[in-house]
Amino acid sequence: MAKDPVAGSHRPAPTVLVYAGPNGSGKSTITAGYPVVGIYVNADDIKRHKRCSDLEAAQEAELLREGLLSSRNDFTFETVLSTDRNLIFLEKAKRYGYRIESVFVLTADAELNVKRVRARVLKGGHVVPEDKISSRYAKSMQMVGKLATLSDACVVVDNTDRPEVIYKKDADGEVFLSNDFWDEADVRALIEARS
């Protein structure tokens, strides 16, 4: 059991689960098959229910996460992880005694992500400018290793063709796998780019 840094009492460590990956990788589709831990905080859901802007929804989601963290509740959230803002938040959660679990969904090519977002928009999904998809893809991929390092448990799923786990970290250690799009050396390079 982790020591509660806030109250000073002993109880099981709270957990935060983060679903991460570039726009168009298939996070929502893939992670629909994964369990949610505690309360699910999703800016897209907030935007849909409150009919507010992307910025307002993101700000509300951030406030909700901060409140859950302060009260030491379990929770889940989704992020593109194209900046270190959410990594800093997860570092804070670690200091609060949280267990960090993560699922990172990626593809082998940013152009595939662009095509998927185009298809999603045609079906009524939200728009993401193509230049942002490409730039966020590169930035998000640079964060995979940092997220894996910070996580107590981490799974990286390649969704280029079909969902395939290419990396797994848990209490037993790390496992690097390969598929048609990623050889083991590429996966190692992706995860070990932690600086």
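Model, not experiment: these values are computed from the prediction.

Colleague: Lay out the sheet that holds strand β4 (residues 39-41) with the relevant residues and their values.
Modeller: Taken together, 7 strands build an open sheet; the order of strands is β4-β5-β3-β6-β7-β8-β9 and the sheet is mixed. Among the strands making up the open sheet, the edge pair consists of β4 and β9 (173-176). Across the sheet, the mean angle from the axis of one strand to that of its neighbour is 15°, orientation sign disregarded. Sheet analysis places strand β3 (residues 15-20) next to strand β5 (residues 75-79), joined by 5 bridges and oriented parallel. Across the sheet, residue Val18 finds its bridge partner in β5, namely Phe77. The strands touched by helix α3 (residues 54-70) are β4 and β5; relative to β4, the strand with the most contacts, the crossing angle is about 150°.

Colleague: If you had to explain the pattern of salt bridges to someone new, which residues and values would you point to?
Modeller: As enumerated under the stated definition, the model contains 13 salt bridges in all. Taking the shortest distance from any N to any O, the salt bridge between Lys168 and Asp170 comes out at 4.0 Å. With a relative accessible area of 41%, Lys168 lands in the partly exposed category. Owing to a relative accessible area of 28%, Asp170 belongs among the partly exposed residues under this scheme. Three or more residues are tied together by salt bridges with common partners; here these are Glu111, Arg118 and Glu130.

Colleague: Can you break down the environment of Ala153 residue by residue, with the values?
Modeller: Structurally, Ala153 can be placed in strand β7 (residues 153-158). Between the C-alpha atoms of Ala153 and Glu174, which are 21 residues apart in sequence, the distance is 9.4 Å. When residues no more than four places from it in sequence are discounted, the contact partners of Ala153 are Arg99, Ile100, Glu101, Ser102 and Lys169.

Colleague: Just give me the short version of a nonpolar patch on the surface, but keep the residues and values in it.
Modeller: Taken together, the side chains of Val165, Val175 and Leu177 make up a nonpolar region of the molecular surface, amounting to roughly 200 Å² of accessible area. Structurally, Val175 is set in strand β9. With relative accessibility at 40%, the residue Val175 sits in the partly exposed group.

Colleague: Residues and numbers for the packing of aromatic side chains, please.
Modeller: A full pass over the atoms with the stated rule returns 6 aromatic pairs. Here the aromatic rings of Phe75 and Phe77 are separated by 6.4 Å at their centres, their planes lie at 25°, and the arrangement is stacked. Accessibility classification places Phe75 together with Phe77 in one group, the buried group. Taken together, the aromatic side chains of Phe75, Phe77, Phe89 and Tyr98 make up a single cluster linked through ring pairs. The side chain of Arg65 reaches across the aromatic face of Phe77, ending 4.6 Å from its centre. The positively charged end of Arg188 is found above the aromatic ring belonging to Phe176, 4.0 Å away from the centroid.

Colleague: Explain the nonpolar core residue by residue, including any values.
Modeller: Side chains of a nonpolar character, in soluble globular proteins, are inclined to be buried together. Within the largest apolar cluster, 38 residues are counted, with the highest numbers of intra-cluster contacts made by Phe104 and Val156. Not counting the four nearest positions on each side in its chain, Phe104 is found in contact with Ala20, Gly21, Pro22, Leu81, Ser140, Met141, Val144, Leu147, Val155, Val156 and Val157.

Colleague: So what's going on with the packing of helix α2 (residues 43-50) against α3? Which residues, and what values?
Modeller: Look at α2 against α3: their axes get within 8 Å of each other, and the N-to-C directions meet at 120°. Comparing their axes, α3 and α2 come out oblique. Where α2 crosses over α3, the handedness of that crossing is right-handed. Counted together, Ala43, Ile46, Lys47 and Lys50 of α2 and Asp54, Ala57, Ala58, Glu60, Ala61 and Leu64 of α3 form the full contact between these two elements. Residue composition of the contact of α2 with α3, grouped by class: 6 nonpolar, no polar and 4 charged.

Colleague: Provide a residue-level description of the environment of Gly97, including the pertinent values.
Modeller: Assignment of secondary structure puts Gly97 in the loop between α4 (85-95) and β6 (99-106). For Gly97, a relative accessible area of 17% puts it in the buried group. Taking C-alpha positions, Gly97 is 22 Å from Lys168, a pair spaced 71 residues apart along the chain.

Parameters at a glance
- Residues numbered from 1 in each chain as written.
- Predicted model: local features only at pLDDT ≥ 70, side-chain atom pairs only at ≥ 80, totals over all residues.
- Heavy atoms only, no water.
- Pairing = 2+ DSSP bridges.
- Helix = DSSP H or I, 4+ residues; strand = E, 2+ residues; numbered from the N terminus.
- Axes fitted to C-alpha atoms, helices over the stretch in contact; angles between N-to-C directions.
- Contact = heavy atoms within 4.5 Å.
- Salt bridge = Lys/Arg side-chain N within 4 Å of Asp/Glu carboxyl O.
- Buried < 20%, exposed > 50% of the residue type's maximum accessible area, 1.4 Å probe, protein only.
- Patch = residues over 30% accessible without salt bridge, like charges linked within 9 Å, V, L, I, M, F, W, Y side chains within 5 Å.
- Areas by Shrake-Rupley, 256 points an atom, 1.4 Å probe, with all protein chains shown as cover.
- Phe/Tyr/Trp six-rings, centres within 6.5 Å; stacked < 30°, edge-to-face > 60°.
- Lys NZ or Arg CZ within 6 Å of the ring centre and 35° of its normal.
- Core = buried A, V, L, I, M, F, W, Y, C linked by side-chain atoms within 4.5 Å.
- Parallel < 35°, antiparallel > 145°, perpendicular 65-115°, else oblique.
- Left-handed = near helix turned anticlockwise from the far one by under 90°.
- Nonpolar A, V, L, I, M, F, W, Y, C, P; charged D, E, K, R; others polar.

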